[in-house]
Structures are given as C-alpha cells and as structure tokens.
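Architecture and fold: a report
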Amino acid sequence: MRALVVVGLLAVVALVFVVVAIVKDTQGEAGLAGGCPEDWPRADVTLREPKDVKINVLNATEEVGRAGAVADDFKNRKFQVKKVGDAPKGVDGVAVLRFGPKGVGSAHLLRAYFLDNADTQYDAKRKDDTVDVVLGSGFQQLATTTEVNQSLGDLGSPAAPAGSCPMPVDK
C-alpha cells in the first residue's frame with residue numbers, strides 16, 4: 001500500500017513538471033517566423049504535391065532536346081511545366097535548382113527527384129514560386145517513385161534558407 005502512495009506521489013510530481021514545462025515553453029513559435037528580422041524574406045517551407053509545383057526545365061548539356069524529354073517526364077508525374085529551353089551556360093553536375101522564397105518547399109520536393117544530387121541556388125529577391133531545373137552534364141534520369149519517397153524521408157522537412165525565415169502557418 002505504501003509503495004502505491006509513493007508511486008502515485010511521483011506521478012503527480014511528474015505531471016506538475018510536464019505542465020509547467022509546457023506552460024513556460026518559450027519555443028512554441030520556433031520555426032514560424034517569430035522573432036524574425038523585418039527585412040528578411042519569408043520562405044514558404046510547405047512541402048508541395050507535384051501537381052502544385054511549377055517548374056522551368058532548362059538544358060545545360062550538349063545533348064539536343066534533353067530539356068524537352070525531361071519536361072515530358074515531369075509532366076507525366078503531374079508537375080506544371082511552364083517553360084522548356086536551353087540554359088545560357090553549361091552545368092557540370094547533375095542539375096541546379098534555382099528558386100526564391102516562394103519556391104523553397106517545391107525545390108525541396110525536386111531535390112528528391114534528383115536523389116539530393118542537385119545543387120541549389122536560392123535567390124532571396126526572386127518573387128515567383130517557380131523553380132528553374134537546369135539539367136547538367138551529369139544528369140541521367142529522374143528517380144523512380146520509390147526512390148523519391150525514400151529520398152524525401154532522408155531529406156526530412158523543408159527548411160528556410162539562410163537569411164530567411166519560415167512563413168507563418170495559418171492556424
């Protein structure tokens with residue numbers, strides 16, 4: 001009987017500590033632009049569905065028509081392909097993803113289609129939500145659905161780039 005009283009008392013003390021910790025939590029708004037400098041852009045870190053992602057596909061390889069073929073592959077995967085063309089200069093790696101604050105979540109999803117082998121170029125001044133996908137000489141093919149899902153698990157959640165803050169979430 002005495003052991004039950006001690007266990008009950010410990011449970012009540014633990015509950016009080018948990019309630020106090022939750023009430024006094026100063027990080028409740030962490031990651032939601034609380035305390036963000038006024039002049040920093042707000043990044044949309046919402047992970048998008050392919051149907052909600054707008055992309056431009058640009059060929060930076062020597063292979064003619066590469067952008068068109070990859071754009072068709074993205075269209076078959078339900079992406080919104082806005083422009084297809086050639087990049088002004090070559091890219092040595094697999095790909096480069098160029099985006100602004102409104103395209104952070106979209107670029108995060110696209111990284112998975114390149115198995116996180118695409119370089120990212122964030123431009124804080126860019127105003128649209130479109131991501132430029134610049135295909136490099138190291139590009140072979142987009143990842144399969146299974147590979148994309150595994151890559152997304154490895155990548156975790158989208159994060160605001162340096163010099164920006166996450167956009168507040170409507171509650």
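This text follows the structure it describes.
Predicted model only: the values in this text are computed from it and were never measured. (Residues numbered from 1 in each chain as written. Predicted model: local features only at pLDDT ≥ 70, side-chain atom pairs only at ≥ 80, totals over all residues. Heavy atoms only, no water.)

1. Here we look at the overall build of the protein
Looking only at helices and strands, the protein has 4 helices and 7 strands in total. Listing each helix as α and each strand as β along the protein from the N terminus yields α-β-β-α-β-β-α-β-β-α-β. When each of the 171 residues of the protein is scored for burial, the buried share is 35%. Long-range pairs, those at least 24 residues apart, make up 81% of the contacts in the protein between residues at least 6 apart in sequence. Element-wise, carbon and sulfur atoms account for 55% of the exposed surface of the protein, whose accessible area totals about 10,700 Å². (Helix = DSSP H or I, 4+ residues; strand = E, 2+ residues; numbered from the N terminus. Buried < 20%, exposed > 50% of the residue type's maximum accessible area, 1.4 Å probe, protein only. Contact = heavy atoms within 4.5 Å. Areas by Shrake-Rupley, 256 points an atom, 1.4 Å probe, with all protein chains shown as cover.)

2. Some points on helix α4 (residues 145-155)
Regarding α4, the residues found buried are V148, S151, L152 and L155. For α4, the angular spread of buried residues about the axis comes to 105°, placing them on one side. The outward face of α4, more than 90 degrees from its buried face, is lined by the exposed residues T146, Q150, G153 and D154. Looking at the buried residues of α4, the elements they touch are α3 (104-113). (Arc of directions from axis to C-beta.)

3. Focus: the side chain of H108
Structurally, H108 is set in helix α3. Look past the residues within four positions of H108 in its chain and what remains in contact with it is L47, L152, L155, G156, S157 and P158.

4. A look at the packing of aromatic side chains
Overall, the coordinates contain 6 aromatic pairs when judged by the stated rule. Where F74 meets Y113, the ring centres are 6.2 Å apart and the plane angle is 55°; that geometry is what we call tilted. Placement of the pair is F74 in helix α2 (residues 66-76) and Y113 in helix α3, with a sequence separation of 39 residues. Assigned by exposure class, F74 and Y113 land together as buried. Here the aromatic cluster, defined as three or more aromatic residues joined through ring pairs, consists of F74, F79, Y113, F114 and F139. (Phe/Tyr/Trp six-rings, centres within 6.5 Å; stacked < 30°, edge-to-face > 60°.)

5. Re the layout of surface pockets
It is a probe the size of a water molecule, rolled over the atoms, that shows where empty space is left. As a volume, the largest pocket reaches approximately 160 Å³. In terms of lining, the largest pocket is formed by F99, V104, A107, H108, R111, T120, Y122, S157, P158, A159 and P161. For the lining of the largest pocket, the secondary structure elements donating two or more residues are α3 and β5 (119-122). Examining the composition of the lining of the largest pocket, we find that 4 residues originate from one element, α3, more than from any other. Of the residues belonging to the lining of the largest pocket, the class tally is 7 nonpolar, 3 polar and 1 charged. (1 Å grid on protein atoms, 1.4 Å probe; cavity = no way out; pocket = protein on both sides within 12 Å on 5 of 7 lines; lining within 4 Å. Points joined across faces, edges and corners; volume = space filled by probe spheres on them. Nonpolar A, V, L, I, M, F, W, Y, C, P; charged D, E, K, R; others polar.)

6. Some words on the sheet that holds β5
Pairing in this open sheet of 5 strands is mixed, and the strands run β3-β2-β6-β4-β5 from one edge to the other. Lying at the two open borders of the sheet, with one neighbouring strand each, are β3 (80-86) and β5. Each strand of the sheet is rotated relative to its neighbour by a mean of 20°, with strand direction disregarded. Sheet strands in contact with α2 are β2 (54-59), β3 and β6 (131-135), and its direction is about 155° off that of β2. Here α3 sits on the sheet and contacts β2, β4 (95-99), β5 and β6; the angle it forms with β4, its principal contact strand, is near 165°. (Pairing = 2+ DSSP bridges. Axes fitted to C-alpha atoms, helices over the stretch in contact; angles between N-to-C directions.)

7. Details of the side chain of R126
Take R126: it is sitting in the loop between β5 and β6. By relative accessible area, R126 is classed as buried at 16%. Of note is the side chain of R126, whose polar atom sits 2.7 Å from the side chain of D128. With near-sequence residues (within four places) excluded, R126 lies in contact with N56, R98, F99, G100, P101, V131 and D132. (Polar contact = N/O pair within 3.5 Å; in protein donor to acceptor, adjacent residues only side chain to side chain.)

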